[in-house]
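Spelled out, the chains give:
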Amino acid sequence: MSPISKRKSNRAWLLVTPMVMVVAFSAIVPLMTVVNYSVQDILGPDVRVFVGFEWFRKVLRDSELHGAFLRQLLFSSVILAVQLPLGIGVSLLMPRRGWRSSVTLVVLALPLLVPWNVVGTMWQIFCRTDIGMGGAALHGLGLSYNYTANPLDAWLTVVVMDVWHWTPLVALLCFSGLRAIPDAYYLAARIDGASPWAVFRYIQLPKLKNVLVIAVLLRFMDSFMIYTEPFVLTGGGPGNSTTFLSQSLTRLAVGQFDLGPAAAFSLIYFLFILFFCYVFRVIMMRPDEGQ
Amino acid sequence: MAEIKLRSISHSYAATPESGDYVLRDIELRWRDGGAYALLGPSGCGKTTLLNIMSGLLRPTSGRVLYGDRDVTELPPRQRNIAQVFQFPVNYDTFTVFENLAFPLRNRGLRGREVAARVQHIAELLELRDVLRHKASELSADQKQIVSLGRGLVRDDVAAILFDEPLTVIDPHRKWVLRRRLREIHRQFRHTLVYVTHDQTEALTFADEVVVMHEGRVLQQATPEELFANPAHTYVGYFIGSPGMNVLPCSIDGQSAVIAGQRVPLSEDLARRAAGCTGTLELGIRPEHIVMSPPSGGVPAAIDFVEDHGRFRIATARIGEHALKIKLGADVPVTGGEACRVGLPPERVRLYEGGRSISP
């Protein structure tokens, strides 16, 4: 035996135990509870029947959930399509240094500090056509706007609210990315005679890639799980037009107390987000091909 | 192409500068067309600022920049025939090496075959042909720096290339290769090269002429030999050479300088010049020029200790209370703690009044 070969030691188990416990209680146990519900029909405190994938099949065939899923996809796509370019644009306009920079940062960060349900309440009042400043102003301009009755208006309101709430996050991420670009890049571009567009396209945007990947992941996950703000603002209406996945899930689990289908639905929901984020990350983070 | 002249350039980064804010003070310089220059000085002495003023990245607070007879002080970099290579390699990461080299040409409206021809030519010269299709971000640090240099060379209108400490991030053994490559390119193209560095070896091996700066002023512009033999300022003497020049306070008595009560004979010429001086005087002598135990004359000194540097040794001695470095051959028998006599040859001795040389 060589002198530096590994020695078996059971102390390793002792050392990883705290971590295993933390992960178990924070992730594995709750998740397994959901898995447990999703494959059983619980008829009473002591009466349960194993049903296999019955709930999964049921949930996947539910046309109401199909609708919510499509609305959710559309919502997240719109959010990403609006907030990313807008956030990049805002970050480019922000002052880089000095007191103006500090003031801009604080003002931009304000929406991020407002609690979700307060955001919903603020916008609900703001958009009311009788007493809300935004809604009344639109009315005053002669536009027919009513987010409680018109699905398109409701959609616009939810999107604008989310843009107000979360674009600053994208802008702040991009701002930090821009600040990390050494001055020499801009100097070299001036020597090379690059236009402002070329500076953006070939220096700033490539250097922002990493923060943009984070921005997309955060904004996709958050928007895909959005619950509180539309719940407070529109309650999912008019009709089901702004009912997104989280709200459907809540109705299923809390409203109808269908714990089995709700658990199955939760798992699918969770796996979808996980899958999307994984695929997106793999695509974005693969090393650039040599040729 | 033309020579570059700087006329009484002063610069301050403050919006309303006061006299203490200036990083450059009244710089007057001439870079001859086709010369290889080094701009040498410690960090923070204003070298990079001066370089950026020449390339147009900065506008001087006062003074003019002339290319030949053309006043370019107000012109942006893209309207000057100048290229600049920065401290660390700056390339466009998403571009291939080819696209990087083509970028300055395309920005100037060139297209197609003309671009390809020039890029191929430069790639051949810089031995980048094999990596033309690679992303610039995949190259090693020294190759990246060569690509940055290539972006300057590829333009046929470039008259001068400015280097801002370009070898800082390069491995020591590659530095030699790169510096030699720069010399070759200089021989072939005869661009005016200005090379900023705080490393005297780099400056002295690269340049035909070295400009030594300190605290925003130019102290001396001269060939490496001249800088070594006749530093115009005690700071130049101290900065050039390893170890730097010994500078000892002295007074004058007839044909001799007096250091701590010991008489050091001066050349006739120097003694005559010194006689007219009223300011504080200092005597400068290179550690290389001091003679141990001369056959006659010499000044009594005490050796404190001797450091062995392999090929040579450096003795630290004292004349009175003044410290003195002496560079010795490996075979000279000297040890720390002994008393000896040291000779300061009159033809090697320099005198400084208020830091400035009064030697002929």
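Parameters at a glance
Residues numbered from 1 in each chain as written. Chains lettered and ligands numbered in written order. Predicted model: local features only at pLDDT ≥ 70, side-chain atom pairs only at ≥ 80, totals over all residues. Helix = DSSP H or I, 4+ residues; strand = E, 2+ residues; numbered from the N terminus. Rg over C-alpha atoms; globule rule 2.2 N^0.38 Å. Buried ≥ 20, exposed ≤ 12 C-beta atoms within 10 Å, placed from the backbone. Contact = placed C-beta atoms within 7 Å. Nonpolar A, V, L, I, M, F, W, Y, C, P; charged D, E, K, R; others polar. Pairing = 2+ DSSP bridges. Core = buried A, V, L, I, M, F, W, Y, C linked by C-beta atoms within 7 Å.

Q: Which parts of the structure should I look at to understand the overall build of chain A?
A: Helices and strands together make up the secondary structure of chain A, namely 12 helices and two strands. In chain A, the order of α-helices and β-strands from amino to carboxyl end is α-β-β-α-α-α-α-α-α-α-α-α-α-α. Rg of the C-alpha trace for chain A: 25 Å, well past the compact-globule value of 19 Å for 291 residues, more than 25% over. Across the 291 residues of chain A, 26% fall into the buried class.

Q: Teacher, can you tell me more about the interface of chain A and chain B here?
A: Accessible area lost when the parts come together is the quantity often used to give the size of an interface. Tallying the contact residues gives 16 residues for chain A and 23 residues for chain B. Counting residues per element, the side of chain A that touches chain B draws most heavily on helix 8 (residues 183-191) of chain A, which supplies six residues. Tallied by class, residues from the side of chain A that touches chain B come to 10 nonpolar, three polar and three charged.

Q: How do you make sense of the pairing of strand 16 (residues 299-308) of chain B when you look at a structure like this?
A: Remark: a regular strand shows side chains that alternate across the two faces of the sheet. All names here are of chain B. Relative to strand 19 (residues 339-343), strand 16 is paired through four bridges, and the arrangement is antiparallel. Opposite V299, over in strand 19, you have V342 as the bridge partner. Both strand 16 and strand 17 (residues 312-319) contribute to a ladder of six bridges, which runs antiparallel. Bridging from a neighbouring strand, A302 pairs with R318 of strand 17.

Q: It is not clear to me how the nonpolar core should be interpreted in this structure. Could you clarify?
A: Side chains that are nonpolar tend, in soluble globular proteins, to be buried together. Residue and element names in this part refer to chain B. If you look at the biggest cluster of nonpolar residues, it comprises 73 residues, and the most contacted ones within it are Y37, A38, L39, V194, Y195 and V212. Residues contacting V194, with those up to four places away along its chain left out, are W31, Y37, L39, L51, A160, L162 and F163. The next biggest cluster of nonpolar side chains, apart from the first, holds 25 residues, and it includes C250, V264, V349 and L351.

Q: Where do I start with the environment of A180 of chain A in this structure?
A: In this structure, A180 of chain A sits in the loop between helix 7 (151-179) and helix 8. With 27 residues separating them in the primary sequence, A180 of chain A and K207 of chain A have C-alpha atoms 8.6 Å apart.

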